[in-house]
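Inside the fold
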Amino acid sequence: MAGLERITQPTLDVLEVLVRAFDCNEQIHGWAIMKATKRAGPTVYKVLDRLEDARWITGEWEELGPDEPGPRRRFYRLTGEGASAARTLLSQRRPAALEPRPALGFAPIGRLVALLPGGGR
C-alpha cells in the first residue's frame with residue numbers, strides 16, 4: 001500500500017479501530033486504541049507514527065484548560081486518502097472487519113431472540 005512498507009497484524013488491528021471511529025465521525029486517542037486492540041502502548045504508537053508519516057492519519061493534541069488536571073491526549077483520525085486505503089487493505093486482508101457492527105456492542109435483535117427460552121417462539 002502506498003506509504004506503508006510493512007503491513008503487520010498490529011497495523012491491521014489499529015486500522016480496524018480507526019475505520020470504525022471514522023465511520024462514526026469521531027477522533028480516537030491512543031489509550032482507547034490500545035484498549036480496543038488489546039495491544040501494548042509501544043506497539044500501538046509505532047503503528048500510529050507510521051500511519052501519520054504515511055499521511056493516512058492526522059493527530060492533534062487535546063486542548064486543556066488551566067483547571068483541567070491530567071496530561072493532554074493526542075486524538076487521531078483517518079484522512080480521506082487513509083480511510084480509502086485502510087478499507088482497501090482491510091477488504092483484502094480482513095474482510096470481516098468491514099462488516100457492519102451493532103452500535104454500542106449490542107447484538108442484533110435476531111441473535112437476542114434466539115437466546116430466549118424456546119428460541120423466541
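Given the structure is predicted, the values throughout are model-derived calculations rather than measurements.

The next thing to look at is the overall build of the chain. Secondary structure summary: the chain contains 5 helices and 3 strands in total. Reading the helices (α) and strands (β) of the chain from amino to carboxyl end gives α-β-α-α-β-β-α-α. When burial is assessed residue by residue, the chain has 32% of its 121 residues classed as buried. Across the chain, the fraction of contacts at a sequence separation of at least 24, relative to all contacts at a separation of at least 6, is 57%. Surface exposure of the chain reaches about 8,100 Å², of which carbon and sulfur atoms provide 55%.

The full count for this structure, using the stated rule, is 7 salt bridges. Here R94 ties to D13 by a salt bridge, and the two come within 2.7 Å at their closest N and O atoms. With R94 in the loop between helix 4 (80-93) and helix 5 (109-115) and D13 in helix 1 (residues 9-23), this residue pair connects regions lying 81 residues apart in the sequence. Across the salt bridge formed by E16 and R94, the nearest N and O atoms sit 2.9 Å from each other. Separated by 78 residues along the polypeptide, E16 in helix 1 and R94 in the loop between helix 4 and helix 5 bring together distant segments of the chain. On the accessibility criterion, R94 (19% relative accessible area) is buried. Here the salt bridges do not stand alone but share partners, grouping D13, E16, R20, R39 and R94 into one network.

Moving on, we come to the nonpolar core. Grouped together as the largest cluster of nonpolar side chains are 25 residues, with contacts concentrated most on L18, I33 and L51. Counting residues per element, the ones that place at least two in this core are helix 1, helix 3 (41-53), strand 3 (74-78) and helix 4. The dominant element in this core, judged by the number of residues it contributes, is helix 1, at 7 residues. Ignoring anything within four residues of it in the chain, the contact list for I33 reads V14, V17, L18, I28, V44, L48 and Y76.

This brings us to unusual backbone geometry. Phi at N25 is positive, roughly 55 degrees, even though this residue is not glycine. Here N25 shows up in the loop between helix 1 and strand 1 (28-29). Judged by relative accessible area, N25 falls into the exposed class, the value being 60%. Phi at R55 takes a positive value of approximately 65 degrees, unusual for a residue other than glycine.

What counts and how
- The written sequence of each chain sets the order in which its residues are numbered from 1.
- With the structure being a predicted model, the display of local features is reserved for residues of pLDDT at least 70 and the display and counting of side-chain atom pairs for 80 or more, all residues being used for whole-chain, interface and lining totals.
- The basis for every side-chain value is the complete set of heavy atoms in the structure, and neither hydrogens nor water enter the calculation.
- The secondary structure listing takes helices from DSSP runs of H or I that are at least 4 residues long and strands from runs of E that are at least 2 residues long, numbered from the N terminus.
- Type-normalised accessible area, obtained with a 1.4 Å probe on protein chains alone, sets the label of each residue: buried when under 20%, exposed when over 50%, and partly exposed for intermediate values.
- Contacts are assigned to residue pairs with any non-hydrogen atoms lying within 4.5 Å of each other.
- Values of accessible area rely on a 1.4 Å probe in the Shrake-Rupley scheme; residue burial ignores everything except the protein chains shown.
- We define a salt bridge as a contact between a side-chain nitrogen of Lys or Arg and a carboxyl oxygen of Asp or Glu at a distance within 4 Å.
- Here the nonpolar core consists of buried residues drawn from Ala, Val, Leu, Ile, Met, Phe, Trp, Tyr and Cys, with membership extended through side-chain atoms lying within 4.5 Å.

That is the geometry; function is a separate question.
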